[in-house]
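Topology and contacts: notes
Okay, here's what each chain looks like letter by letter:
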Amino acid sequence: MAPTFVVVPQWQGSISPRAMRLVDGAAAIQGDLPFSATRLVDVPVEAGDALDTGVHRFSAIQVVRERHTRVLEDTTDWALSIGGDCGIALAAVEHAARTHPGDLAVVWFDAHPDLHTPESSPSGGFCGMVLRAISGEGPAELDLAVASSVQLQNVVLAGIRDVDDAEDELLNQRGLVSVSCSELADPAALIAAVAAIGATHVFVHIDLDVLDPSALDGLSDLIPFGLSVTDLGGAITALRANFTLAGATITGFAPASPAAATDDLPSILRIIGALTR
């Protein structure tokens, strides 16, 4: 079945100087989505407060999580949530995990592993903590329910190439599975890694900075040696051929102008098409 598109123009999880452009990016993508199948999550205008959590703008992030969750609970099939910053993946993965308890793998397409805690984060930005929070190891104030989290051994990192020391230590300690950009030129390694988890359903998170900067202009972070749109689309297509898609997120579109957004949209729509057709 076709998904419900959930647009979540959250910017508060990002620490990029281009963070506000994420709102424009979400709006630009929304303009090309089917109106009748699209829901918009109301994101507070204000930045929000840390509330002594170690997470910048925590209060706004928590409000968006709650509103996003309510919209997802009102969907009848799987949902494609479109940001905004990658912090929106918390509510989206939680919803998919509640729907498919014990039977969900997460594929995390991102230039960064997003495995910080408030104690290890050099920035305090939630975008860099979200996957750790999804695993149930995030800030206590988020009240992360173990029953709705996905443990890190059920995650496959795809395309990561900008890793902080604390994250690298965790990757080595836990033996987390990572598939490099060069390996993703052939989806076989990715499919084998997900199959080894034993799940039949997969959640696909895509931070667009997994792409090479030559593939898309409107990126919040420019990290070289990333994926091509073709290789990303091929990996998504292979995942859908081998597993049932339980949900997805696309985040990180930060165009400099409406004209720049128009130039990038065909590539983004190709990625959406790979997820939904």
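- Per an unreviewed UniProt entry, the protein chain carries the name Arginase family protein and comes from Cryobacterium serini.

**Things to note about the overall build of the protein chain**
- If you tally the helices and strands in the protein chain, you get 8 helices and 8 strands.
- Against the globule reference of 19 Å for 277 residues, the protein chain gives a C-alpha radius of gyration of 17 Å, in line with a compact fold.
- Across its three principal axes, the protein chain shows a C-alpha extent of roughly 45 × 45 × 40 Å.
- Each of the 277 residues in the protein chain was classed as buried or not, and the buried ones make up 57%.
- Within the protein chain, counting contacts between residues at least 6 apart in sequence, those at least 24 apart form 74% of the total.
- Taken as a whole, the protein chain presents about 11100 Å² of accessible surface, with 52% of it coming from carbon and sulfur.

**Topic: a negative patch on the surface**
- On the surface, Asp162, Asp164, Asp165, Asp168, Glu169 and Asp221 cluster together into a negatively charged patch.
- Position of Asp168 among the secondary structure elements: in helix 5 (residues 165-174).
- Of the residues examined, Asp168 reaches a relative accessible area of 38% and is grouped as partly exposed.

**Examining the environment of Ala145**
- If you trace the backbone, Ala145 turns up in the loop between helix 4 (130-134) and strand 5 (155-158).
- The class of Ala145 is partly exposed, set by a relative accessible area of 38%.
- Residues Ala145 and Ser135, 10 residues apart in the sequence, show an inter-C-alpha distance of 9.6 Å.

**Section: the nonpolar core**
- Membership of the largest hydrophobic core comes to 48 residues, with the highest contact counts inside it found for Phe109, Leu190, Ile206 and Leu208.
- If one sorts the elements of this core by residue count, helix 8 (residues 258-276) sits on top with 7 residues.
- The next biggest cluster of nonpolar side chains, apart from the first, holds 43 residues, and it includes Leu90, Val150, Leu152 and Leu171.

**Remarks on the packing of helix 7 (residues 229-242) against helix 8**
- Running from N to C, helix 7 and helix 8 point in directions that differ by 10 degrees, and their axes come no closer than 8 Å. Here helix 8 runs roughly parallel to helix 7, going by the angle between their axes. Residues Val229, Thr230, Leu232, Gly233, Ile236, Thr237 and Arg240 of helix 7 lie in contact with helix 8, whose contacting residues are Ser267, Arg270, Ile271, Ala274, Leu275 and Thr276.
- When grouped by side-chain class, the residues that make up the contact of helix 7 with helix 8 number 6 nonpolar, 5 polar and 2 charged.

**Things to note about the packing of helix 6 (residues 188-197) against helix 7**
- Two elements in contact, helix 6 and helix 7, have axes whose closest approach is 9 Å; the angle formed by their N-to-C orientations is 40 degrees. Classified by the interaxial angle, the pair formed by helix 6 and helix 7 is oblique. Handedness of the crossing formed by helix 6 with helix 7: right-handed. Here Leu190, Ile191 and Val194 of helix 6 lie close against helix 7, whose contacting residues are Ala235, Ala238, Leu239 and Asn242.

**A word on the pattern of salt bridges**
- Inspection of every chain in the model, using the stated rule, returns 5 salt bridges.
- With a shortest N-O distance of 3.3 Å, Asp74 and Arg39 are connected by a salt bridge. Remark: Arg39 occurs in strand 2 (residues 38-40) and Asp74 occurs in the loop between helix 2 (58-73) and strand 3 (79-82); sequence separation between them is 35 residues.
- For Arg39, a relative accessible area of 33% translates into the label partly exposed.
- Of the charged contacts, one joins Arg132 and Glu137 as a salt bridge, the two residues approaching to 2.7 Å between their closest N and O atoms.
- The class of Arg132 is buried, set by a relative accessible area of 15%.
- For Glu137, a relative accessible area of 26% translates into the label partly exposed.
- Here the salt bridges do not stand alone but share partners, grouping Arg132, Glu137 and Arg174 into one network.

What counts and what doesn't
- Residues numbered from 1 in each chain as written.
- Predicted model: local features only at pLDDT ≥ 70, side-chain atom pairs only at ≥ 80, totals over all residues.
- Heavy atoms only, no water.
- Helix = DSSP H or I, 4+ residues; strand = E, 2+ residues; numbered from the N terminus.
- Rg over C-alpha atoms; globule rule 2.2 N^0.38 Å.
- Buried < 20%, exposed > 50% of the residue type's maximum accessible area, 1.4 Å probe, protein only.
- Contact = heavy atoms within 4.5 Å.
- Areas by Shrake-Rupley, 256 points an atom, 1.4 Å probe, with all protein chains shown as cover.
- Patch = residues over 30% accessible without salt bridge, like charges linked within 9 Å, V, L, I, M, F, W, Y side chains within 5 Å.
- Salt bridge = Lys/Arg side-chain N within 4 Å of Asp/Glu carboxyl O.
- Lys, Arg positive; Asp, Glu negative; His and termini not counted.
- Charge placed at Lys NZ, Arg CZ, Asp CG, Glu CD.
- Core = buried A, V, L, I, M, F, W, Y, C linked by side-chain atoms within 4.5 Å.
- Axes fitted to C-alpha atoms, helices over the stretch in contact; angles between N-to-C directions.
- Parallel < 35°, antiparallel > 145°, perpendicular 65-115°, else oblique.
- Nonpolar A, V, L, I, M, F, W, Y, C, P; charged D, E, K, R; others polar.
- Left-handed = near helix turned anticlockwise from the far one by under 90°.

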